[in-house]
Amino acid sequence: MAAPHRSALTKSDITSALGRLDELLGSKGLTGEICLFGGTVMVLAFNARISTRDVDAVFQPASVIRELAEQIREERGCRQIG
């Protein structure tokens, strides 16, 4: 049975997904750079919110991180936005 689609991401969800992204990039011998914005920053840095509905970011290498982010989204049963 497929995992239920989630509509909110907690601090734990986000840090876990970023850790998974780090693992996947490392397995490819790559290093990525990510700059987070919006609700994600409010959750992670300021503890001003319990969760956010999406992760707004700019990142490099863009195509690789997009591909890996989609893989992580599917692994975790998160819904796609946009």
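Criteria and thresholds
- Residues numbered from 1 in each chain as written.
- Predicted model: local features only at pLDDT ≥ 70, side-chain atom pairs only at ≥ 80, totals over all residues.
- Heavy atoms only, no water.
- Helix = DSSP H or I, 4+ residues; strand = E, 2+ residues; numbered from the N terminus.
- Rg over C-alpha atoms; globule rule 2.2 N^0.38 Å.
- Buried < 20%, exposed > 50% of the residue type's maximum accessible area, 1.4 Å probe, protein only.
- Contact = heavy atoms within 4.5 Å.
- Areas by Shrake-Rupley, 256 points an atom, 1.4 Å probe, with all protein chains shown as cover.
- Expected span 1.5 Å × (residues − 1).
- Arc of directions from axis to C-beta.

Novice: Tell me about the overall build of the protein, and please be specific about residues and values.
Specialist: A count of helices and strands for the protein gives 3 helices and 4 strands. In terms of overall dimensions, the protein is globule-like: its C-alpha atoms have a radius of gyration of 13 Å, near the 12 Å expected for 82 residues. The 82 residues of the protein split such that 22% are buried. The long-range share in the protein, meaning contacts at least 24 apart out of those at least 6 apart in sequence, stands at 68%. Carbon and sulfur atoms make up 55% of the accessible area of the protein, which amounts to about 5500 Å² in all.

Novice: I'd love a proper account of helix α1 (residues 11–27), names of residues and values included.
Specialist: The end-to-end C-alpha separation of α1 is 24 Å, in line with the 24 Å expected for 17 residues at 1.5 Å each. All of the buried residues along α1 are Asp13, Ile14, Leu21, Leu24 and Leu25. Down the axis of α1, the buried set is contained in an arc of 105°. They therefore lie on one face. In α1, the exposed positions that point more than 90 degrees away from the buried face belong to Ser12, Asp22 and Ser27. Those residues of α1 that are buried lie in contact with β1 (9–10), β2 (33–37), α2 (38–44), β3 (51–52) and α3 (62–76). Where α1 terminates, the next one or two residues include glycine 29, which has phi positive at roughly 70°.

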